[in-house]
Amino acid sequence: MISNSYLSELFSLNGRIAVVTGGSSGIGQAIAGALARAGASVVIVARKEAELAATVDELVADECRAAWVSADLSTRDGVRAAAEQAAAVFGEPDILVNCAGINLRPPMGELSEDVWDTTMAVNLEAPYLLGERFGPRMAERGYGRIIHITSQQAHRAFVQSGAYGVSKGALESLARSQAEAWSSYGVTCNTLVPGFVPTPLNARLQSDPEKMAALAARTMVGRNGLAEDFAGAAVFLAGPASGYVTGQAIFVDGGFSVH
Ligand SMILES: NC(=O)c1ccc[n+]([C@@H]2O[C@H](COP(=O)([O-])OP(=O)(O)OC[C@H]3O[C@@H](n4cnc5c(N)ncnc54)[C@H](OP(=O)(O)O)[C@@H]3O)[C@@H](O)[C@H]2O)c1
């Protein structure tokens, strides 16, 4: 017999407040939905209002508490404004998911300073600044969960890793620095590492069925990832059950990284 109270003690996010960047698309959208359905009040942050509103409408129709903030996380002022607006909706967050990301992919030798700067701003600086804004307050309250979405490119080069791979490698280091700073106050900091998940981020690759099949064959499960594959791991890392898991990179990649 399943004990719902036992499951709740481990995994319920009732009463928790979450901010999910990139929550309007792909992996972030699935994570925002998972946290909301597990009981959290969720604020999603991205730029495009139509996608943000559609995501929130769907969650609200499913009896979840959700709201959106439109912000450009590629500038420090944009990040600061987003943080204040997000915290003003339901209150200071207990859970921060940094999922907004870009992958511009020029060959290394042609990488412009603009691409470098924008990549670092969205993929690394925004998570750092949001952590600085929310992490110490989570520590004061004695509970917090910071989850970054990195990439296998934090661990190895793959299809023009360029600035993207550098930003994701640094993001894993950021998680460890944050874990070192705040874990003893009840704030865990971890990363989820996707393999290949067809989303708008890699639309170009998806038009090549042979490449898609080759990528699927490199996993152990035998298929490419789905955004929904991140739901369980995100709920686990956001909730009470993961209190002794910190500074870790958890691969949700069908075995891609170890095959
Ligand atoms: N898909 C994969 O195979 C894969 C593999 C490894 C890692 N990842 C990582 O997983 C995360 C999610 O990727 P995804 O595949 O789900 O991508 P996606 O569907 O393209 O979603 C990216 C999200 O980030 C937001 N975003 C991008 N630039 C932004 C900016 N300047 N300010 C605010 N929000 C911004 C987008 O919304 P707006 O455009 O409206 O701003 C969107 O909500 C990324 O960090 C990515 O690096 C993905």
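Values in this document were obtained by computation on a predicted structure and should not be read as measured data.

The helix and strand inventory of the protein stands at nine helices and seven strands. Taken over the C-alpha trace, the protein has a radius of gyration of 18 Å; the compact-globule value for 259 residues is 18 Å, and the two agree within 12%. By its C-alpha atoms, the protein is 50 × 50 × 40 Å across when sized along the principal axes. Considering only contacts in the protein between residues 6 or more positions apart, those separated by 24 or more positions represent 73%.

Turning our attention to the nonpolar core. Counting residues in hydrophobic clusters, the biggest one holds 66 residues, and the most contacted among them are A18, V20, I31, L35, V42, I44 and A234. Ignoring sequence-local partners within four residues, the contact set of A18 consists of L35, A40, V42, P93, I95, V97 and A238.

Moving on to the site of the ligand. The local shell around the ligand holds 28 residues, among which G22, G26, A46, R47 and G101 are the closest. Tallying contributions element by element places helix α2 (residues 26–37) first for the shell around the ligand, with three residues. The residue inventory of the shell around the ligand, partitioned by class, reads 13 nonpolar, 11 polar and four charged.

This next bit is on helix α9 (residues 231–238). Looking only at α9, the buried set comprises A234, V235, F236, L237 and A238. Looking at the buried positions of α9, the neighbouring elements they touch are α1 (4–11), β1 (17–21), α2, β4 (95–98), β5 (144–149) and β6 (187–194).

Turning our eyes to something else, we now look at the environment of A121. Following the sequence through the fold, A121 ends up in helix α5 (residues 113–141). Taking the number of C-beta atoms within 10 Å as the measure of exposure, A121 has 20 and is therefore buried. In sequence terms A121 and Q206 are 85 residues apart; their C-alpha atoms lie 26 Å from each other. Those residues within four positions of A121 in sequence are excluded, and the remaining contacts are S74, T75 and A126.

For the rest of this paragraph, the subject is the sheet that holds strand β2 (residues 41–46). The sheet built from seven strands is open, its strands ordered β3-β2-β1-β4-β5-β6-β7 with parallel pairing. Two strands bound the open sheet, and with one partner strand each, they are β3 (66–70) and β7 (249–252). Neighbour-to-neighbour, the strand axes of the sheet open up by a mean angle of 20°, direction not taken into account. Seen against the sheet, α2 touches β1, β2, β3, β4, β5 and β6 and runs at an angle of roughly 170° to β1. Its contacts with the sheet put α9 on β1, β4, β5, β6 and β7, and the angle it makes with β5 is roughly 145°.

Relative orientation of the contacting elements helix α4 (residues 76–90) and α5 amounts to 40°, with a least axis distance of 10 Å. Compared by their axis directions, α4 and α5 come out oblique. In the crossing of α4 with α5, the sense of the turn from one axis to the other is right-handed. Across the interface between the two elements, R76, V79, R80 and A83 from α4 touch E125, A126, L129, L130 and R133 from α5. Of the residues in the contact of α4 with α5, the class split is five nonpolar, no polar and four charged.

Moving on: unusual backbone geometry. Excluding glycine, most residues fall at negative phi; most peptide bonds, likewise, are trans. One non-glycine residue with positive phi stands out, namely E63, at about 65°. Relative to the elements of secondary structure, E63 occurs in the loop between α3 (49–61) and β3.

What follows covers the packing of α2 against α9. As a packed pair, α2 and α9 sit with axes 9 Å apart at the nearest point and diverge in direction by 55°. Here α2 lies oblique to α9, going by the angle between them. Helix-helix and strand crossings are classified by hand; for α2 and α9 the assignment is right-handed. Residues A30, I31, A34 and L35 of α2 touch α9, and the partners they reach there are A231, A234, V235 and A238. Each residue belonging to the contact of α2 with α9 can be placed in one class, and the counts come to eight nonpolar, no polar and no charged.

This part is about the pairing of β3. In the sheet, β2 pairs with β3 via five bridges, with the strands oriented parallel. For A46, the partnering residue across the bridge sits in β3 and is S70. Assessed by its sense of winding, the connection that carries the chain from β2 through α3 to β3 is right-handed.

Each value, and the rule that gives it
- Residues numbered from 1 in each chain as written.
- Predicted model: local features only at pLDDT ≥ 70, side-chain atom pairs only at ≥ 80, totals over all residues.
- Helix = DSSP H or I, 4+ residues; strand = E, 2+ residues; numbered from the N terminus.
- Rg over C-alpha atoms; globule rule 2.2 N^0.38 Å.
- Contact = placed C-beta atoms within 7 Å.
- Core = buried A, V, L, I, M, F, W, Y, C linked by C-beta atoms within 7 Å.
- Buried ≥ 20, exposed ≤ 12 C-beta atoms within 10 Å, placed from the backbone.
- Near = placed C-beta within 6 Å.
- Nonpolar A, V, L, I, M, F, W, Y, C, P; charged D, E, K, R; others polar.
- Pairing = 2+ DSSP bridges.
- Axes fitted to C-alpha atoms, helices over the stretch in contact; angles between N-to-C directions.
- Parallel < 35°, antiparallel > 145°, perpendicular 65-115°, else oblique.
- Left-handed = near helix turned anticlockwise from the far one by under 90°.
- Right-handed = clockwise from strand over helix to strand, strands pointing away.

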